[in-house]
Amino acid sequence: MALYHRFIFQFAIAVFSLTVFAQSGIVTPDRVYGLDPLLFNGRIYAFFPPEGTGGAQFLSERFDTQGSVTLRGVTYTDLNLNYDIYNQQVVLKYKNTLGSVSLIEISAAWLESFDLGGRHFVLMAGNDTTNNIFQVLGNGPLKILFSRRKELRLDTRTSYRNHIFVDTPREMFVNKAESRVKFSNNRGFCAVFGTAQQELIRKYMRKHKIKVKKASDSLMTDLINYCNSLNGL
């Protein structure tokens, strides 16, 4: 009888513990096993485009295993990241403690910057005072910023019932000191700088056949780094 009573007591304790665990809205297996709450703090990513949609909302076709993200001064590397341009969200793919693949949105409240596919992005205030994601080019005090957007449109090439993600022209800025100056062509880019610098920059752009609307990231990086070398003029 003593053995029977002890079994009943232990069984009751186990049932009570499981009940408390199941009823708690904040205790999950991931948290019990110690995943970093600073990184794994976002909402579940649950955006699903309409069936038959062409293209993708993401920057990369696949999640990059070499991505990194900085949250509140802490940098996490070797992550499976992607950038949802359409929704302006950074998405983390990982395996939870149960072995299932999960997608979560990196918390925008804590996000400072991230690197993906060899590109560096930062979160900073846009012209409307809300925080926006910008790609950053340049190694000196002058930076070039790109703001990327995608639109979901009807795909008229196949059927009016299908949709397709379309890249819109990137918005371009020169970030200098605490100001951000928008430009859309070569003339507008040169106008950002002082008179003594403008002719030198025009010559550089002609020599390297740079058209800012279509120039590659590497060409634009070289251009702004050259401008940084003239910063004392």
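Fair warning: this is a prediction, and the values are worked out from it, not measured in the lab.

Draft legend 1. Region of interest: the overall build of the chain. When you go through the chain residue by residue, the secondary structure sums to five helices and twelve strands. The 233 residues of the chain split such that 38% are buried. Pairs at least 24 apart in sequence give 53% of the contacts found in the chain among residues at least 6 apart. When the accessible surface of the chain is split by element, carbon and sulfur atoms take 55% of a total near 14,600 Å².

Draft legend 2. Region of interest: the pairing of strand β4 (residues 101–105). Taken together, the five bridges between strand β3 (residues 89–95) and β4 define a ladder with antiparallel strand orientation. When the bridges of β4 are listed, lysine 95 appears paired with valine 101. Between β3 and β4, which pair antiparallel one after the other, the connecting turn spans five residues, and glycine 99 there sits at a positive phi close to 90°.

Draft legend 3. A look at the sheet that holds β3. The ten strands are arranged β4-β3-β2-β1-β5-β6-β7-β8-β11-β12 in an open sheet whose pairing can be described as antiparallel. With one partner strand each, in any of the chains shown, β4 and β12 (179–183) form the two edges of the open sheet. Each neighbouring strand pair of the sheet contributes to a mean axis angle of 40°, computed without reference to strand direction. In terms of strand pairing, strand β7 (residues 131–137) meets strand β8 (residues 143–147) through three bridges, oriented antiparallel. Each bridged residue has a counterpart across the sheet, and for valine 136 the counterpart in β8 is leucine 145.

Draft legend 4. Examining the confidence of the model for the chain more closely. For the chain, per-residue confidence averages 84 on the pLDDT scale, and 81% of positions sit at 70 or higher. Under a pLDDT of 50 for its full length, residues 1–33 has, in the predicted model, eleven contacts with residues more than four places off or in other chains.

Draft legend 5. View of the nonpolar core. Grouped together as the largest cluster of nonpolar side chains are 22 residues, with contacts concentrated most on Phe189, Phe193, Ile201, Met220 and Leu223. Of all the elements in the fold, those that place two or more residues in this core are β8, β11 (171–176), α3 (186–190), α4 (195–207) and α5 (217–229). Residue contributions to this core peak at four residues, all from α5. With residues up to four places along the chain from it excluded, the contact list for phenylalanine 193 reads Leu142, Val174, Gln198, Ile201, Ile224 and Cys227.

Draft legend 6. Spatial organisation of α5. Its 13 residues give α5 an end-to-end C-alpha distance of 18 Å, which sits within 8% of 18 Å, the value for a rise of 1.5 Å per residue. Those residues of α5 that sit buried are Asp217, Met220, Thr221, Leu223, Ile224, Cys227 and Asn228. What you see down the axis of α5 is that its buried residues fit within an arc of 160°, all on one side. On its buried face, α5 is in contact with β6 (119–125), β7, β8, β12, α3 and α4.

Thresholds, definitions, all that
Residues take numbers from 1 onward in each chain, read along the sequence in its written order. With the structure being a predicted model, the display of local features is reserved for residues of pLDDT at least 70 and the display and counting of side-chain atom pairs for 80 or more, all residues being used for whole-chain, interface and lining totals. Hydrogens are left out, water is left out, and the side-chain values use all remaining heavy atoms of the structure. A run of DSSP states H or I qualifies as a helix once it reaches four residues; a run of E qualifies as a strand once it reaches two. Both are numbered from the N-terminal end. Each residue's exposure class comes from its accessible area (1.4 Å probe, protein chains only) as a fraction of the maximum for that residue type: buried when under 20%, exposed when over 50%, partly exposed otherwise. Residues count as neighbours in contact if any of their non-hydrogen atoms are within 4.5 Å of one another. Each accessible area is a Shrake-Rupley estimate made with a 1.4 Å probe; only the visible protein chains count as cover when residues are assessed. Pairing between strands is defined by DSSP: at least two bridges between the two strands are required. Orientation is described by lines fitted to C-alpha atoms, with helices fitted over the stretch in contact, and by angles between N-to-C directions that extend from 0 to 180 degrees. What pLDDT reports is the predictor's confidence in each residue, on a scale of 0 through 100. Each nonpolar core is a collection of buried residues, namely Ala, Val, Leu, Ile, Met, Phe, Trp, Tyr and Cys, held together in the definition by side-chain atoms within 4.5 Å. Take the number of residues in a helix, subtract one, and multiply by 1.5 Å to get its expected span. Picture the helix axis, draw a direction to every C-beta atom, and the arc is the one those directions span.

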